[in-house]
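If you want the building blocks of each chain, they are given just below.
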Amino acid sequence: MLDKIKEHIAKVEAFSASTLEDVEAFRIKYSGRNGVVNDFMAEFRNVPNELKKDYGQVVNKLKTVALEKVNTLKEALEDTNDTASTINDLSRPGEPISIGARHPISIVKNQIIDIFSRIGFNVSEGPEIEDDWHNFTALNLPEYHPARDMQDTFFIQTNPDVLLRTHTSSVQVRYMENNKPPIRTISPGRVYRNEAISGRSHCFFHQVEGLYIDKDVSFADLKQTLQYFTTEMFGKSKIRLRPSYFPFTEPSAEVDVYWGLETETDYKMTKGTGWLEIMGCGMVDPNVLENCGIDSKEYSGFAFGMGIDRIALLLHQISDIRMLSENDIRFLEQFKSAL
Ligand code: PHE
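The present account deals with the structure reproduced in this document. Every value quoted in this text rests on a predicted model; they were computed, and no experiment measured them.

1. What about the overall build of the protein chain?
Helix and strand counts for the protein chain come out as 13 helices and ten strands. Relative to the compact-globule value of 20 Å for 339 residues, the protein chain shows a C-alpha radius of gyration of 38 Å, a clear excess of over 25%. Reported as C-alpha extents along the three principal axes, the dimensions of the protein chain are approximately 115 × 50 × 40 Å. For the protein chain, the residues scored as buried account for 42% of the 339 residues in total. Total accessible area on the protein chain stands at roughly 19,400 Å², and carbon and sulfur atoms take up 50% of it. Here the protein chain contributes 38 positively and 50 negatively charged side chains, and the mean placements of these two sets differ by 7 Å.

2. Topic: the pattern of salt bridges
For the coordinates displayed, the defined rule picks out eleven salt bridges. Glu-298 is the partner of Lys-215 in a salt bridge, and the nearest nitrogen-oxygen pair spans 3.4 Å. In this pair, Lys-215 is assigned in the loop between strand 6 (204-214) and helix 8 (219-234) and Glu-298 in the loop between helix 10 (286-291) and strand 10 (300-307), connecting sequence segments 83 residues apart. Judged by its relative accessible area of 45%, Lys-215 falls in the partly exposed class. The partly exposed category is assigned to Glu-298, whose relative accessible area is 38%. Residues joined in a network through salt bridges with shared partners are Arg-240, Arg-242, Asp-256 and Glu-277.

3. Section: the site of the ligand
Lining the immediate environment of the ligand, one finds 14 residues, of which His-167, Ser-169, Arg-193, Gln-207 and Glu-209 sit closest. Contact between the ligand and His-167: a nitrogen atom at 3.1 Å from a side-chain N or O atom of the residue. Glu-209 places a side-chain nitrogen or oxygen 2.7 Å from a nitrogen atom of the ligand. Computed on the free molecule, the ligand has an accessible area of 330 Å², of which 91% lies beneath the protein chains in the complex. Looking at the shell around the ligand, the elements that each hand over two or more residues are strand 6, strand 9 (275-284) and strand 10. Broken down by element, the residue count for the shell around the ligand peaks at three residues, all from strand 10.

4. Side note on the side chain of Gln-207
Among the structural elements, Gln-207 can be located in strand 6. Within the structure, the side chain of Gln-207 is placed 2.9 Å from the backbone nitrogen of Thr-168, a separation counted as a polar contact.

5. So, the sheet that holds strand 3 (residues 155-156)
Spatially, 2-4-3 is the arrangement adopted by the three strands of the open sheet, whose pairing is antiparallel. A strand with exactly one partner marks an edge of an open sheet, and here the two such strands are strand 2 (129-131) and strand 3. When strand 2 meets strand 4 (residues 159-164), the two strands line up antiparallel, connected through three bridges. Residue pairing in the sheet places Glu-130 in a bridge with Leu-163 of strand 4.

6. What about the packing of helix 5 (residues 104-117) against helix 8?
Running from amino to carboxyl end, helix 5 crosses helix 8 at an angle of 130°, the nearest separation of the two axes being 10 Å. With respect to their mutual orientation, helix 5 and helix 8 come out oblique. As helix 5 runs across helix 8, the sense of the crossing is right-handed. For the pair helix 5 and helix 8, the contacting residues are Val-108, Gln-111, Ile-112, Ile-115 and Phe-116 in the first and Thr-225, Tyr-228, Phe-229, Glu-232 and Met-233 in the second. Classifying every residue of the contact of helix 5 with helix 8 gives seven nonpolar, two polar and one charged.

7. Overview of the environment of Gly-282
Looking at the element boundaries, Gly-282 is found in strand 9. Once the C-alpha coordinates of Gly-282 and Ile-113 are considered, the two residues, 169 residues apart in sequence, prove to be 20 Å apart. If sequence neighbours within four positions are ignored, Gly-282 has contacts with Leu-222, Thr-249, Pro-251, Ser-252, Gly-301, Phe-302 and Ala-303.

8. Examining the nonpolar core
Judged by nonpolar contacts, the single largest core of 42 residues is most densely connected at Phe-229, Phe-304 and Met-306. In terms of residue count, helix 5 provides more of this core than any other element does, seven residues in total.

The rules behind the values
Residues numbered from 1 in each chain as written. Predicted model: local features only at pLDDT ≥ 70, side-chain atom pairs only at ≥ 80, totals over all residues. Heavy atoms only, no water. Helix = DSSP H or I, 4+ residues; strand = E, 2+ residues; numbered from the N terminus. Rg over C-alpha atoms; globule rule 2.2 N^0.38 Å. Buried < 20%, exposed > 50% of the residue type's maximum accessible area, 1.4 Å probe, protein only. Areas by Shrake-Rupley, 256 points an atom, 1.4 Å probe, with all protein chains shown as cover. Lys, Arg positive; Asp, Glu negative; His and termini not counted. Charge placed at Lys NZ, Arg CZ, Asp CG, Glu CD. Salt bridge = Lys/Arg side-chain N within 4 Å of Asp/Glu carboxyl O. Near = heavy atom within 4 Å. Polar contact = N/O pair within 3.5 Å; in protein donor to acceptor, adjacent residues only side chain to side chain. Pairing = 2+ DSSP bridges. Axes fitted to C-alpha atoms, helices over the stretch in contact; angles between N-to-C directions. Parallel < 35°, antiparallel > 145°, perpendicular 65-115°, else oblique. Left-handed = near helix turned anticlockwise from the far one by under 90°. Contact = heavy atoms within 4.5 Å. Nonpolar A, V, L, I, M, F, W, Y, C, P; charged D, E, K, R; others polar. Core = buried A, V, L, I, M, F, W, Y, C linked by side-chain atoms within 4.5 Å.

Written out as structure tokens, the structure is:
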């Protein structure tokens, strides 16, 4: 009798089925009310007492093996049925793929990089934690120079030689130290200034600065380059240069672009003047070239710098600069269709 049951166990273990109907038939044969397992159970009372223990164990084993077999076969077959019907049903709606959005800062930064790369500028980057030389001294801002106050600097710990860069001009110093002219490079990056945070200014923001150094580079080249940029970036070619001061450029200028006064928004953006200030620029001071190992008698160049955040706010009509760093998904999702 025990051998007979063990034979069944072996049969059950070897069983396999390709349809759910076969599995059901198998289940009824073994685990059904009049199935094999129950038959053996019924025999239990006729088994001599000394064999009852062994007999019970083997029958129980048959019972569990049969149940497990049914369950695993069923699961496997249901799985394949699922996949088959999903693949075969071409009318099922597609699974939506949730796409992310680029950050408005990245959108504007990429546009600027794209525009300048078309006229031969490459992209250079440098560290956000800088030393005094690259952020100030090499740029004609020696210690105690009053212009240092223009840029409220975050110093790291108590060491005044370690600071968070206040502009990406520091990258240009590094670039000049490590590359020979002709140089055409733009340096995008995050900068830090110790300013009170409000809707209009933040203690960190982003800049793109540009540098062009070669023989016989003139102010006219600078003006042409800026005009090319405003035309490509804003679709506006009318610019004006107002005399200004930066320690690292001489002469220096602020660049305004004529935005126009066609709509109410134009009025608001330009405070009724039609002009929008977009960047600072100038001819690189010969001292700066010399500080960076470039012969100022042989070479000249121009530099310019603009804030990406401000341009992003303008172009996308964003009312508060803090939105750019809050990571609110409702804000970010609005840029899905942008570049
Ligand atoms: N570095 C200046 C700033 O951060 C911008 C600038 C760059 C001005 C190059 C002139 C030339 O304000």
